[in-house]
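The primary structure of each chain is shown beneath.
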Amino acid sequence: MLALLSLCIWLYLFFAHGKFWLSAPELLPASPPDAPDVDIIIPARDEAETIGRVVQSLSAQEYAGKFRIILVDDDSGDGTADIARAALAGTGSNLEVIAGAPKPQGWSGKLWAVSQGVAHAQASVLLLADADIVHDPRHLAALVARLDSPRVDMVSEMVRLNCASRAERWLVPAFVYFFQMLYPFAWVNDPMSKVAAAAGGTVLIRREALERIGGIASIKGALIDDVTLAKAVKRGGAIYLGHSGLAVSIRRYPHFVDIWDMIARTAFTQLNYSAALLALTLIGLALVWWVPVGEALFGSGWQRLCGLAAFVLGAASYLPTLARYRRRALWSLALPLIALFYMAATLWSALTYWRGIGARWKNRTYEGTR
């Protein structure tokens, strides 16, 4: 019966799970009818490799309204702030650099930096941008335009991720695919649905919406801060999540272990540190990815047909994401193997938590936070 169960799961995923596999929508260039002032807040800790290109791209935005870049230097040891200043020296740019205060107990480093930027900001619209995202000159205008058509409280995008190294070519498109599967964008964008998510690299939010939820302090300990913020905002207003053709992450993951660490850092957090949810997740992923392969290769009769049909649906569902990342369609055949990598990293995330090793990021360790 496993073959039939696997096929039923794939029939649901493909035809009734928010059409997650379409890899849509994508925010297109647009100009807002009104152009409110925008403060762009960048939390940065040891971002010397990327920060120069990031602030240059933001300073070059073709936006009709006023905007300001607020860089919160979170105790960097690599000259991040100086590099940002030098990148815009002599341009008359609107960059302000704030030296971050020491992180209080109970805060994640990123959110503490963001909160300081929000406290310094004055505009009615805030763009929370990561220190590794390079923006097309039309990007800010497109984000603001989407804020009012139709009206939402928050606009977020899954920017195009770096996909140059062997590890990135193997695993990054799947990261985006699995995120879409976990949070179907159509459901996120449906005000009647309780599903909420965001991609933290680019989040445009109304200040009034942020104040309504109690500010950044209301999610201060969150490790998966983008999804946590989206859930809080959607409880009182509409949100939008889409893909971006106007922004790209330049953060590199040159080796497989780099992506392993990225997944393992928050995978068990996503499961609320629950052994039961972990077990159900691993069983579910085995049913989705490995039962079809096993039945297609070693089954017979109707079991083999069910396995083949489930495998074809799974492979077909990966094609739009592969096309977005300009990868060949044959990569869809490797998806079960890629899924195994993600399953192993998720299990490792749980094992490190149970061993008392907290999530680690930018030379900081976080224990027991969500």
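Below is a short write-up of the structure. (Residues numbered from 1 in each chain as written. Predicted model: local features only at pLDDT ≥ 70, side-chain atom pairs only at ≥ 80, totals over all residues. Heavy atoms only, no water.)

## Brief notes about empty space enclosed by the protein
Left-over empty space is what a probe sized like a water molecule reveals as it rolls over the atoms.
Thinking step 1. Applying the stated criterion to the full structure yields two cavities of 30 Å³ or more.
Thinking step 2. Approximately 120 Å³ is the volume attributed to the largest cavity.
Thinking step 3. Lining of the largest cavity is provided by 15 residues; of these, Lys-110, Val-114, Leu-128, Asp-225 and Leu-229 occupy positions nearest its centre.
Thinking step 4. Taken together, the residues of the lining of the largest cavity sort by class into 10 nonpolar, one polar and four charged.
Thinking step 5. For the second largest cavity, the calculated volume is near 60 Å³.
Thinking step 6. In terms of lining, the second largest cavity is formed by Trp-10, Val-288, Trp-289, Pro-292, Ala-310, Phe-311, Gly-314, Ala-315, Ser-332, Leu-335 and Pro-336.
Thinking step 7. Counting residues per element, the ones that place at least two in the lining of the second largest cavity are helix 11 (275–298), helix 12 (301–324) and helix 13 (335–354). (1 Å grid on protein atoms, 1.4 Å probe; cavity = no way out; pocket = protein on both sides within 12 Å on 5 of 7 lines; lining within 4 Å. Points joined across faces, edges and corners; volume = space filled by probe spheres on them. Nonpolar A, V, L, I, M, F, W, Y, C, P; charged D, E, K, R; others polar. Helix = DSSP H or I, 4+ residues; strand = E, 2+ residues; numbered from the N terminus.)

## Description of helix 4 (residues 109–120)
Thinking step 1. With 12 residues, helix 4 should reach 16 Å at 1.5 Å per residue; the first-to-last C-alpha distance of 17 Å fits that figure.
Thinking step 2. Burial analysis of helix 4 places nine of its 12 residues in the buried class, which makes it a mostly covered element.
Thinking step 3. All buried positions along helix 4 are accounted for by Gly-109, Leu-111, Trp-112, Ala-113, Val-114, Ser-115, Gln-116, Gly-117 and Val-118. (Expected span 1.5 Å × (residues − 1). Buried < 20%, exposed > 50% of the residue type's maximum accessible area, 1.4 Å probe, protein only.)

## Observations regarding the packing of aromatic side chains
Remark: the centre distance and the inter-plane angle together describe each pair of aromatic rings, the angle taken between the planes.
Thinking step 1. By the definition in use, this model includes 21 aromatic pairs.
Thinking step 2. Counting every residue linked through ring pairs, the aromatic cluster contains Trp-10, Phe-20, Tyr-177, Phe-178, Phe-256, Trp-260, Trp-289, Tyr-318, Phe-341 and Tyr-342.
Thinking step 3. Its guanidinium or amino end placed over the ring of Tyr-325, Arg-160 lies 4.7 Å from that ring's centre, counting from NZ or CZ. (Phe/Tyr/Trp six-rings, centres within 6.5 Å; stacked < 30°, edge-to-face > 60°. Lys NZ or Arg CZ within 6 Å of the ring centre and 35° of its normal.)

## Considerations on the pairing of strand 4 (residues 95–99)
Thinking step 1. Pairing between strand 3 (residues 67–73) and strand 4: five bridges, direction parallel. If you follow Ile-69 over to strand 4, its bridge partner there is Leu-95. (Pairing = 2+ DSSP bridges.)

## Examining the packing of helix 6 (residues 166–182) against helix 10 (residues 256–270)
Thinking step 1. Remark: helix 6 packs on helix 10, axes separated minimally by 9 Å, with the N-to-C direction vectors making an angle of 20 degrees. When the axis of helix 6 is compared with that of helix 10, the two are roughly parallel. Between helix 6 and helix 10, the contacting residues are Arg-166, Ala-167, Glu-168, Trp-170, Leu-171, Val-172, Phe-175 and Leu-182 on the first element and Phe-256, Ile-259, Met-262 and Gln-270 on the second.
Thinking step 2. For the contact of helix 6 with helix 10, the residue count by class is nine nonpolar, one polar and two charged. (Axes fitted to C-alpha atoms, helices over the stretch in contact; angles between N-to-C directions. Parallel < 35°, antiparallel > 145°, perpendicular 65-115°, else oblique. Contact = heavy atoms within 4.5 Å.)

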